[in-house]
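What the coordinates show
Residue strings, one per chain:
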Amino acid sequence: MALAITTKIEATCHCKSHSFTSIVPTSSLPLQASLCHCTSCRRCTGNLHTTGTPWPSLPEDHSLERYEFSPNVFIFFCGKCSQKMFWYVPKTGAYEVFTACLPHDKGLLQYNNHIFVGDTIDGGNSAWLLNPHPETGAHNMPVPRWAGFSDKSDKLDADWPANVGLKDEHELTHGDELPIRCHCGGVNLRLARPDYRNVDKDKVPWFVDPISRRKWLAINCLCNSCRTTFSVDIVPLSFVEMKSIHSTSPGSSNFPNNVNDLSEAVAKGDSAVGTLTRYQSSAGVIRYHCKRCSASVFYTNTNNSSRQEMLDLAVGLVDSPDGARAEGMFWWQFTNNANGDNCSLFEDVKDGWRAEVAKSFRSERKRWRERKGWSVDEQTVEESQRESEENGDMLI
Ligand SMILES: [Zn+2]
Ligand SMILES: [Zn+2]
Ligand SMILES: [Zn+2]
Ligand SMILES: [Zn+2]
């Protein structure tokens with residue numbers, strides 16, 4: 001059988017209101033994608049980075065919503081499910097598709113560049129995506145990381161940034177609250193840290209760091225629903241109690257403290273919830289995003305009795321002086337299988353190009369720990385730092 005000369009690629013959003021196709025020469029695969037870690041990309045999506053690859057054009061009669069990301073760049077997104085689908089540069093007529101819109105097909109796509117990593121301060125998750133295609137191989141491994149634009153800024157080495165050393169979480173975040181902000185400013189809230197220092201050890205909830213008892217659990221979800229609403233292949237989420245979220249608009253009511261009140265406040269257009277709008281992605285699951293800039297903000301599960309007063313927050317919206325991962329506020333884990341949730345690591349991505357990326361993401365994190373002389377167990381960065389200080393290791 002002759003090999004196909006062309007390959008048809010489909011880009012769709014979660015709710016399937018929008019679907020576009022592109023025909024590319026099969027010889028041009030895998031598509032090459034660039035990851036941008038800039039602060040604007042994080043605030044406009046709720047993710048730790050955005051990932052795009054060139055796309056030929058859009059039909060003139062498409063009905064996607066448009067957001068002016070900057071004077072020279074627009075984002076087109078689905079007004080219903082919020083999936084961010086395309087970048088557009090009017091001056092050049094160039095389009096890029098958000099890779100999260102594309103299928104899992106093996107060999108379809110490779111990550112080949114990291115830009116604006118300097119904005120993250122802590123590296124975001126770029127340090128774990130240096131060799132995302134160990135099985136299929138790629139022409140430029142490790143994937144270069146640039147402080148700003150490719151070839152026009154400093155190229156960062158594999159160990160960037162240097163360890164900051166063991167610091168109190170309060171010191172890392174310059175206080176006990178951090179802003180939650182979307183790109184357009186329509187969502188403008190504050191997140192307070194948990195404090196379970198004065199309870200028995202077995203009373204510390206699963207979503208709070210058992211060591212400091214003052215950080216929320218954060219994970220990376222790879223499920224199809226998160227990917228196609230947040231619009232990134234690896235979605236950073238933290239689990240927080242709603243009583244720790246506060247409204248900032250003067251004179252507004254308090255931020256709702258349970259998932260049903262949140263849904264009602266958004267339906268009524270309550271000023272406490274700013275420009276939030278909602279989308280039901282499956283039975284009982286309501287996701288919230290900014291209706292203006294499309295940033296993904298919250299995930300809620302109204303059917304889960306233990307989740308009535310908590311929600312999942314998009315980490316990319318949290319503005320912390322210690323960096324994109326906000327390690328002073330969040331306790332990072334890679335999966336949340338242990339707590340029985342259904343956002344699993346490989347289930348949704350098995351066999352496709354994302355499975356290779358996901359496996360590598362995890363093993364690179366292990367290598368990153370080894371390079372720093374930390375334990376390779378599934379410990380938090382803080383635990384690792386404490387351990388190496390206790391062992392008298394020099395922190396670089
Ligand atoms: Zn949609
Ligand atoms: Zn960017
Ligand atoms: Zn916004
Ligand atoms: Zn998920």
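Everything below is about the structure printed above this text.
From a predicted model like this one, the values you see are computed outputs, not experimental measurements. (Residues numbered from 1 in each chain as written. Chains lettered and ligands numbered in written order. Predicted model: local features only at pLDDT ≥ 70, side-chain atom pairs only at ≥ 80, totals over all residues. Heavy atoms only, no water.)

1. Some thoughts on the sheet that holds strand β14 (residues 216-221)
The condition that has to hold: When DSSP finds two or more bridges between two strands, those strands count as paired. Secondary structure elements follow DSSP: runs of H or I of four or more residues count as helices, runs of E of two or more count as strands, with numbering from the N terminus. For every element, the axis is a line fit to its C-alpha atoms; helices are fit only across the contacting stretch, and the angle between N-to-C directions ranges from 0 to 180 degrees. Every residue pair with non-hydrogen atoms within 4.5 Å of one another is taken to be in contact.
The seven strands are arranged β17-β18-β19-β20-β15-β14-β21 in an open sheet whose pairing can be described as mixed. Edge positions in the sheet fall to β17 (276-282) and β21 (330-332), since each of these pairs with one other strand and no more. Pairwise comparison of adjacent strand axes, ignoring direction, gives a mean angle of 30° for this sheet. Of the pairings in the sheet, the one linking β17 to strand β18 (residues 285-290) comprises six bridges and is antiparallel in character. Of the residues in β18, the one forming a bridge with L276 is C290. Contacts from helix α3 (residues 224-231) reach β14, β15 (235-241), β17, β18, β19 (296-301) and β20 (310-314) within the one sheet, and its direction differs from that of β15 by about 100°. Running over the sheet, helix α4 (residues 259-268) touches β17, β18, β19 and β20 and is turned about 125° from β17.

2. A closer look at α3
Since there are 3.6 residues in each turn of an α-helix, residues three or four apart along the chain are aligned in direction. Under the convention used in this document: Note on classification: 1.4 Å probe, protein chains only; a residue is buried when its accessible area is under 20% of the maximum for its type, exposed when over 50%, partly exposed between these limits.
Most of α3 is tucked away, with six of its eight residues classed as buried. When we look at burial in α3, the residues that qualify are C226, R227, T228, T229, F230 and S231.

3. Digging into the coordination of the zinc ion (ligand 1)
Rule in force here: Only nitrogen, oxygen and sulfur atoms qualify as donors, and only when within 2.8 Å of the metal (3.2 Å in the case of Na, K and Ca); with water excluded, sites may look incomplete. Square planar and octahedral assignments, for four and six donors respectively, both demand that opposite donors be over 155 degrees apart and that all other angles lie between 65 and 115; tetrahedral needs four donors with all angles between 85 and 135 degrees, and anything else is irregular.
Of the protein atoms, only C13 (SG), C15 (SG), C78 (SG) and C81 (SG) coordinate the zinc ion (ligand 1), at distances of 2.3 to 2.4 Å. Coordination at the zinc ion (ligand 1) is tetrahedral, judged from the four donor atoms that bind it and the angles of 103 to 117° they form at the metal. In terms of primary sequence, the donors binding the zinc ion (ligand 1) are separated according to C-x1-C-x62-C-x2-C. Residue C13 is found in the loop between β1 (6-12) and β2 (19-25), and its partner C81 is found in the loop between β6 (73-77) and β7 (84-89); the two are separated by 68 residues along the sequence. Here C13 and C81 have matching classes, each one buried.

4. So, the coordination of the zinc ion (ligand 3)
Around the zinc ion (ligand 3), the protein contributes the donor atoms C182 (SG), C184 (SG), C290 (SG) and C293 (SG), which lie 2.3 Å from the metal centre. Taken together, the four donor atoms coordinating the zinc ion (ligand 3) span angles of 99 to 118° at the metal, a pattern that classifies the geometry as tetrahedral. Written as a sequence motif, the donor residues of the zinc ion (ligand 3) are C-x1-C-x105-C-x2-C.

5. Quick look at the pattern of salt bridges
How we decide: Each reported salt bridge corresponds to a side-chain nitrogen of Lys or Arg within 4 Å of a carboxyl oxygen of Asp or Glu.
Summed over all chains, the structure comprises 10 salt bridges. Of the charged contacts in the structure, one is a salt bridge between R197 and D195, with a shortest N-O distance of 2.7 Å. The class of D195 is partly exposed, set by a relative accessible area of 41%. Residues joined by salt bridges that share partners form a network here, namely R43, R181 and D319.

6. Things to note about the environment of L129
Inspection of the secondary structure assignment puts L129 in the loop between β9 (109-115) and β10 (145-146). Between the C-alpha atom of L129 and that of P142, which follows or precedes it by 13 residues, the distance is 8.6 Å. The contact partners of L129, leaving out residues within four places of it in the chain, are L35, H49, Y111, H114, V143, I234, V357, F361 and E364.

These results come straight from atomic positions and should not be treated as a statement about function.
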